[in-house]
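This is what each chain is made of:
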Amino acid sequence: MKIISVVGARPNFMKIAPFIKAIETYNAQIPPVPSVSSVPQVSPFSPVPKIEHLLVHTGQHYDDRMSKTFFESLNIPEADINLGVGSGTHAEQVGNTMMAFEKVLEQEKPDWVVVVGDVNATLACSVTAKKLNIKVCHIEAGLRSGDMTMPEEINRLVTDRLSDLLLIPDRLSGENLRKEGVPENKIAFVGNIMIDTLEANRQKAEKLSIENIIKSNLIPDQPFNLAPLSFNPESFALITMHRPSNVDRKEVLVPLFNFLVDEVAADMPLIWPIHPRAQKMLQTFGLWQKALQTENLILLNPVGYHDMLRLNMGAKLLLTDSGGLQEESCVLGTPCLTLRWNTESRYFT
Ligand code: UD1
């Protein structure tokens, strides 16, 4: 069997890592195929073939800090094919991915395409595969926010509608799919693959020093003094924000930013590993200099997987609009203030 799995953006990498490991483990326990001459004429056993697997990176996230570092730290083999799609509007990203992925599929002719999560790569590659009559498997199927203004919700709905095998992380996702009429034989409960990655990496993350994480990722030109943290390293709040609904509109971002500066950072150090989209919008709306100069606001470049896990473990409070971090904080026991009007982690009627 030949499988092509697809990643495109940061939250995909921790979801694909256990899947690739599972293929490697499966292939390792298959005995080598005997040479033709050593196979008896009439054999009771036909040799079990290994899974042939190719990893495609669409290149939606391309900065080393948003992509390469995750491959290295999660031991994901380098992508066999990188489509180099990069930034753009949604239509550009999806369209460019589809055109490039179609060529890959025509050449490689896989039996299955496996997509994860809900980013533009997920949508683009599942549509492309289905149009070539190739089977699609969606890992993390069935999540719903009920909010059609979220690009990710559109990506999930289309991908789930097209998929032949829908692997669900939790029972509620299964209920969502059944309500949409997905037949039972297409749905399989496999648990939350991203939490498999968390559990596999928890111990490594625990050993990291928060002070070192800050020092090695700090964005220059900030007045922040590490002294209060070295006194009590668990006395900080952590924030991440990247959703267009929070960062792209001035009337939303300005009050959110003021809340962070005037309320949260006034109480305790606030660590912000900043997403490129959020940084760009703070600059666009003239808030970047204030962010740099706010004493208790610690701006970091996007941090690696283990660094983020350690920060999440240590934080007194997490503020986030990320779906993945909400789930991780739940497992780690970190109180989470979700910066959205809705979330996937509930039963959607
Ligand atoms: C995407 C996903 C979102 C996911 C998030 C995690 C979609 C629709 N959204 O949102 O579900 O939670 O990733 O990060 O797929 N940029 C860089 N360097 C990079 C990547 C992006 O500078 O490596 C810039 C781009 O130029 C763009 C902005 O960041 O201006 C946003 O990138 P984009 O891929 O459009 O979506 P995200 O907001 O990252």
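In this text, all values refer to a predicted model and were calculated from it rather than measured experimentally.

## What to know about helix 8 (residues 210-217)
Alright, step 1. Every buried residue of helix 8 is listed here: I210, I213, I214 and N217. Projected onto a plane normal to the axis of helix 8, the buried residues spread over an arc of 95° and lie on a single side. In helix 8, the exposed positions angled more than 90 degrees off the buried face are occupied by K215 and S216.

## Some remarks on the site of the ligand
Alright, step 1. Close to the ligand lie 21 residues, the nearest being H61, S87, N120, E152 and K280.
Alright, step 2. Measuring from an oxygen atom of the ligand, one finds a side-chain N or O atom of H275 at 2.9 Å.
Alright, step 3. The separation between an oxygen atom of the ligand and a polar side-chain atom of R277 is 3.0 Å.
Alright, step 4. At the level of elements, helix 3 (90-108), helix 5 (151-162) and helix 12 (276-284) are the ones that each hand at least two residues to the shell around the ligand.
Alright, step 5. Tallied by class, residues from the shell around the ligand come to 7 nonpolar, 9 polar and 5 charged.

## Observations concerning helix 3
Alright, step 1. Taking 1.5 Å per residue as the helical rise, helix 3 with its 19 residues ought to reach 27 Å, and the 26 Å between its terminal C-alpha atoms agrees with that figure.
Alright, step 2. If you check which residues of helix 3 are buried, you get Q93, V94, T97, F101, V104 and L105. End-on, the buried residues of helix 3 take up no more than an arc of 95°, which puts them together on one face. More than 90 degrees from the buried face of helix 3, the exposed residues found are A91, M99, K103 and Q107.
Alright, step 3. Check the buried side of helix 3 and you find it contacts strand 1 (2-7), strand 2 (52-57), strand 3 (81-82), strand 4 (112-116) and helix 4 (120-131).
Alright, step 4. Remark: K109 follows helix 3 within two positions and exhibits a positive phi of approximately 45°.

## Description of the sheet that holds strand 9 (residues 270-273)
Alright, step 1. The strand order across the open sheet built from 5 strands is 10-9-8-11-12, with neighbouring strands paired in parallel fashion. Every interior strand has two partners, whereas the edge strands, strand 10 (297-300) and strand 12 (336-338), have only one. With direction set aside, neighbouring strand axes in the sheet form an average angle of 20°.
Alright, step 2. Pairing of strand 11 (residues 317-320) with strand 12, which is carried by 3 bridges, proceeds in the parallel orientation. For L318, the partnering residue across the bridge sits in strand 12 and is C336.
Alright, step 3. Packing against the sheet, helix 14 (residues 305-314) makes contact with strand 8 (237-240), strand 9, strand 10 and strand 11, and its axis sits at approximately 135° to strand 8.
Alright, step 4. Against the sheet, helix 15 (residues 323-332) engages strand 8, strand 11 and strand 12, with an angle of about 160° to strand 11.

## Some remarks on the environment of N342
Alright, step 1. Within the secondary structure, N342 sits in the segment after strand 12.
Alright, step 2. For N342, a relative accessible area of 16% corresponds to the buried category.
Alright, step 3. Residues N342 and D147, 195 residues apart in the sequence, show an inter-C-alpha distance of 7.5 Å.
Alright, step 4. Those residues in contact with N342 that sit more than four places away from it in its chain are S145, D147 and M150.
Alright, step 5. Engagement of the side chain of N342 in a polar contact is seen with the side chain of D147, the distance being 3.0 Å.

Definitions and limits used
Residues numbered from 1 in each chain as written. Predicted model: local features only at pLDDT ≥ 70, side-chain atom pairs only at ≥ 80, totals over all residues. Heavy atoms only, no water. Buried < 20%, exposed > 50% of the residue type's maximum accessible area, 1.4 Å probe, protein only. Helix = DSSP H or I, 4+ residues; strand = E, 2+ residues; numbered from the N terminus. Arc of directions from axis to C-beta. Near = heavy atom within 4 Å. Polar contact = N/O pair within 3.5 Å; in protein donor to acceptor, adjacent residues only side chain to side chain. Nonpolar A, V, L, I, M, F, W, Y, C, P; charged D, E, K, R; others polar. Expected span 1.5 Å × (residues − 1). Contact = heavy atoms within 4.5 Å. Pairing = 2+ DSSP bridges. Axes fitted to C-alpha atoms, helices over the stretch in contact; angles between N-to-C directions.

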